[in-house]
Amino acid sequence: MQVRREAQFVRRRRAVAAGATLAIVAGSLTACMALGGDDETAAPTASGATTAPGDDDAAAESGSVQDGFTQGTGGSEGDAAATTTQAPDGPVAAPPAIPSDESFMERVDYITGGITPKSVVASNTGLVIANNMMYSHTSTVYDAESRELVATLSDTIVPEEFGVEGHPGTAQGSPVEAAWTDDGKFAYVSQYTMYGQNFGVEGFDNCTPASGVGPSFLYRFNAELMEWDQVIKVGAVPKYVDITPDQQTILVSNWCDSTISVVDRESAQEVKTIPIAAAPRGIEVLPDNRTAYVAAMYADKLFKVDLETGESEVMMETGRKPRHLNLSADGKFLFMAVSGNDTIYKIDTETEEIVDQVVSGREPRSMILSSDGTALYVVNYYEPSVAKISTDDMEVLQKEPTDANPIGITYEPITHSVWVACYGGSIYVFDDTLATDPNV
C-alpha cells in the first residue's frame, strides 16, 4: 500500500479520524458495467475494446493531454470553486452557495494512472475512494480538494490475519462498490469475487444461485490508518453496499445468490440473508431504519423489504433492468434508474406510485443527489455522458460528454464537485458551483 505523507494529507486523515461534524445530506450510489446485458463482463478501454480480467491495459497513460486537460493522478489546485468552512482540524462541508438546480457544471480535472474505476464514492470529510475491480486489483483514495492520490490499496490480503479461517495463504479480491460511514472514518468495499484457496467457483455475471459461486467479502477501509482493517464474509458476487441511517447495519446485494446480506456493524458479522430475485443491485433505506428498497435488475422488479422480519414483497414491476436507487433526505421520494428504458423515475414512497420521469440518455447507470437535494446526477453508459436533472420537475438541466463507459458517480460535498468514473481508466471531476453556463 502507498500512502502520501505530506502534512496536508496527514492533517486530512486526522480530521477524518476525529469525525468532523458536517451539515450535509449524503446520497447512496452505485455503479455497474453491462455489455450485451451483463453487468461486469469485461473492462472497456478508452477506444471501446475490452480486456480480460486482470489485464491492466485499460488504464490510460499518465501525463498525456486530452482536450487541454493534463492527465495524471491528480489535478491542479484551485481549479474548482469551493464553498467550505476551514476548521483547524480539516475542511467542513457547507451548503452550496448556489442551489444545485441553478448552478452549472464545468470540467476541472481528468484523473488517470493505472485505474479502471467501477465506482467512485465521496466521504463527508474530504476523501474520495475509487474501486478498480479485478482489472487493476486496487482501490485508490484521493484528497477531494487537491484531487491528489493519497493512497493505493491492493486487494491482496491474508485472510487468516483477519480471523478468517479455511483460506490459507494470500487471497485477492476485486473491489466493486463502497459505502462510507457518516463520520467518514470507514468505507466498506465489496469484492466481486475472491481468488485464492477454497473460495469455490469464481464469480461471473450470468450466474444463478445454482452456479456454485463461492461467498465473497467486504473489506473495511480505515481512513485514519489508510489500510484495510476488517474483512466480513457475505454472499456470492456482492455488488452494491448501503448503510442504514442509524449506522448500525450494512446491507449488501449479492448478485449470484439473489439475496441481500444484513451485516451487524458492531460484530462485523452477517446476521441475516433475505431472498430477493435475480440480480439484486441498488439499495436504499427509509429513515425508519427498517424499510429497504432493492432493485432486482434481471427480474425487472422493485422490492420492498422489512429488515426486521426479513420479508420482501414486489412493490413494482419495472421496465427492463432497474439498476440504481437514490432516496431524498426526508424519505419522501425514491429515484430509480431503469437502464433498459433509458429512464429515471421519481416514486412517491407513501403512495408507491411513479409521479414523474425523464429520459436521461442511453443506458443510465449510477446516480447521486446533490447535498441540497435539488439535483440528481446520472451517468449514461452508452451515450457516454453525465446528465444533471432537477429533482423538482425531472427536467434535464445540463449534459456533459465523458470518456466511454461512464459507470460510477459521486457528489463531493466540500468542494461541491461531481466525480465520474469511466471504466476504461479515467475519472472526470466537474465543479458545480458556477453561476453561469460555461458553454455559452
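Just above, that's the structure.
Counting of residues starts from 1 at the beginning of each chain's written sequence and follows it residue by residue. Predicted model: local features are reported for residues with pLDDT of at least 70 only, side-chain atom pairs are reported and counted for 80 or more only, and whole-chain, interface and lining totals are derived from all residues. Derived side-chain values reflect all non-hydrogen atoms in the structure, with water molecules and hydrogen atoms excluded from consideration.

Chemist: Even after reading the chapter, I still don't get the overall build of the chain, so can you show me in this structure?
Modeler: By definition, any uninterrupted DSSP run of H or I lasting at least four residues is a helix, any uninterrupted run of E lasting at least two residues is a strand, and each is numbered from the N terminus. Helix and strand counts for the chain come out as two helices and 37 strands. For every residue, the accessible area obtained with a 1.4 Å probe (protein chains only) is divided by the maximum for its type, and the residue is called buried under 20%, exposed over 50%, and partly exposed between those limits. Considering the chain as a whole, with its 440 residues, one finds that 61% of them fall into the buried category. Only heavy atoms matter for contacts: two residues are in contact if any of them lie within 4.5 Å across the pair. Long-range contacts, defined here as pairs at least 24 residues apart, represent 54% of the contacts in the chain between residues at least 6 apart. Surface accessibility in these figures is a Shrake-Rupley result with a 1.4 Å probe; residues are shielded only by whichever protein chains are displayed. Of the roughly 15500 Å² of accessible surface on the chain, 46% is carried by carbon and sulfur atoms.

Chemist: I keep staring at the sheet that holds strand β17 (residues 217–222) and nothing clicks. Help me out?
Modeler: Two pairing modes exist for strands in a sheet, parallel and antiparallel, and in both the strands are linked by backbone hydrogen bonds. Read across the open sheet, the four strands follow the order β15-β16-β17-β18; overall the sheet is antiparallel. Strand pairing shows two members of the sheet lacking a second neighbour, β15 (175–180) and β18 (227–233), which therefore form its edges. Going from strand to strand, the sheet's axes swing by 25° on average, the running direction of each strand aside. Strand pairing is assigned whenever DSSP identifies at least 2 bridges connecting the two strands. Summarising the sheet, strand β16 (residues 186–191) and β17 pair through five bridges and their orientation is antiparallel. Following the sheet pairing, V189 is matched in β17 by Y219. Helix axes use the C-alpha atoms of the stretch in contact, all axes being lines fitted to C-alpha atoms, and the angles between their N-to-C directions lie in the range 0 to 180 degrees.

Chemist: Sorry if this is basic, but what is going on with the environment of A210 here?
Modeler: Note that A210 resides in the loop between β16 and β17. You can call A210 exposed: its relative accessible area is 73%. Considering only alpha carbons, one finds A210 and C256, 46 residues apart in sequence, at a separation of 8.6 Å.

Chemist: Please explain the side chain of T402 as it appears in this structure.
Modeler: Along the chain, T402 falls in the loop between β34 (396–401) and β35 (406–412). Judged by relative accessible area, which is 11%, T402 ranks as buried. Beyond its immediate sequence surroundings of up to four residues, T402 is in contact with P384, S385, V386, V420, C422 and Y428.

Chemist: Can you help me understand empty space enclosed by the protein in this one?
Modeler: By rolling a water-sized probe across the atoms, one finds the places where empty space is left. Definitions used for this entry: grid spacing 1 Å over protein atoms alone; cavity, a set of points where a 1.4 Å probe fits but cannot get out; pocket, an open set with protein on both sides within 12 Å along at least 5 of 7 lines; lining residue, one with an atom within 4 Å of a point. Grid points are joined across faces, edges and corners, and a volume is the space filled by probe spheres set on the points. Taken as a whole and judged by the stated rule, the model has one cavity of 30 Å³ or more. Its volume calculated, the largest cavity comes out at about 30 Å³. Around the largest cavity, the lining residues are T193, M194, F199, G200, V201, E202, G214 and P215. A class-by-class count of the residues in the lining of the largest cavity yields four nonpolar, three polar and one charged. Three categories are distinguished: nonpolar for Ala, Val, Leu, Ile, Met, Phe, Trp, Tyr, Cys and Pro, charged for Asp, Glu, Lys and Arg, and polar for the others, with Gly belonging to the last.

Chemist: I'm lost on the packing of aromatic side chains in this one. Help?
Modeler: By convention here, two paired aromatic rings are described through the distance between centres and the angle between planes. In summary, the pairing rule links any two rings of Phe, Tyr or Trp, Trp by its six-membered ring, whose centres are within 6.5 Å, and it sorts them by plane angle into stacked for under 30 degrees, edge-to-face for over 60 and tilted for everything else. Counting across every chain of the model gives eleven aromatic pairs. Measuring from centroid to centroid gives 6.0 Å for W180 and F221, while their planes differ by 85°, and the two rings are edge-to-face. Of this pair, W180 sits in strand β15 while F221 sits in strand β17, and the two are 41 residues apart along the sequence. For W180, a relative accessible area of 10% translates into the label buried. The exposure class assigned to F221 is buried, which follows from its relative accessible area of 0%. Measuring from ring centre to ring centre gives 5.8 Å for F199 and F217, while their planes differ by 80°; the resulting arrangement is edge-to-face. Of this pair, F199 sits in the loop between β16 and β17 while F217 sits in strand β17, and the two are 18 residues apart along the sequence. Take F217: its relative accessible area is 2%, and that puts it in the buried class.

Chemist: Looking at this structure, how should I read the side chain of T391?
Modeler: Summarising the element assignment, T391 is placed in the loop between β33 (385–390) and β34. Overall, the relative accessible area of 10% leaves T391 in the buried class. Separated by 2.8 Å, the side chain of T391 and the backbone oxygen of G373 make a polar contact. Whenever two N or O atoms come within 3.5 Å, that pair is a polar contact, provided that in protein one can donate a hydrogen and the other can accept it, and provided that, for residues adjacent in sequence, both atoms are side-chain atoms.

Chemist: How do you make sense of the nonpolar core when you look at a structure like this?
Modeler: Side chains of a nonpolar character, in soluble globular proteins, are inclined to be buried together. Nonpolar cores are built from buried Ala, Val, Leu, Ile, Met, Phe, Trp, Tyr and Cys residues. Side-chain atoms within 4.5 Å join them into one set. Judged by nonpolar contacts, the single largest core of 30 residues is most densely connected at V128, M133, Y142, W255, C256, W419 and I427. Secondary structure elements with two or more residues in this core: β8 (104–111), β9 (119–122), β10 (127–131), α2 (133–136), β36 (417–422) and β37 (426–434). At three residues, the largest contribution of residues to this core is made by α2. Residues contacting C256, with those up to four places away along its chain left out, are F204, C207, T208, P209, V213, A236 and V237. If you look at the next biggest cluster of nonpolar residues, it comprises 24 residues, including V121, W180, A223 and M226.

Chemist: Looking at this model, I keep getting lost on the pattern of salt bridges. Mind explaining?
Modeler: It is possible for side chains of opposite charge to pair when their charged atoms get near one another. Note on definitions: salt bridges are taken to be side-chain nitrogens of Lys or Arg within 4 Å of carboxyl oxygens of Asp or Glu. In the structure shown here, the tally under the stated rule is 14 salt bridges. Taking the shortest distance from any N to any O, the salt bridge between K301 and E317 comes out at 4.0 Å. A residue pair is termed long-range when its members are at least 10 positions apart, and K301 in strand β25 (residues 301–306) and E317 in strand β26 (residues 312–317) qualify at 16 residues. D432 is paired through a salt bridge with K388; the nearest N and O atoms lie 2.9 Å apart.

Chemist: Would you explain the sheet that holds β26 in this entry?
Modeler: Taken in spatial order, the four strands line up as β23-β24-β25-β26 in an open sheet, and their pairing is antiparallel. The open sheet is flanked by β23 (280–285) and β26, the only strands paired with a single partner. For this sheet the average axis-to-axis angle between neighbouring strands, irrespective of direction, equals 25°. Two elements, β23 and strand β24 (residues 291–296), share four bridges in a ladder whose sense is antiparallel. When the bridges of β24 are listed, I283 appears paired with V294.

Chemist: Help me out: how do you make sense of unusual backbone geometry in this one?
Modeler: Excluding glycine, a negative phi dihedral is what most residues carry, and trans is how most peptide bonds are arranged. With an omega dihedral of -20°, the bond running from E383 to P384 counts as a cis peptide bond. Along the chain, P384 turns up in the loop between β32 (375–380) and β33. The backbone of H137 sits at a positive phi, close to 55°, despite the residue not being glycine. Mapped onto the elements of the fold, H137 is located in the loop between α2 and β11 (138–143).

Chemist: Please explain the environment of E160 as it appears in this structure.
Modeler: Mapped onto the fold, E160 is located in the loop between β13 (156–157) and β14 (171–172). For the pair E160 and A171, spaced eleven residues apart in sequence, the C-alpha to C-alpha distance is 10.0 Å. When sequence neighbours within four positions are dropped, the list of residues in contact with E160 reads H167 and P168.

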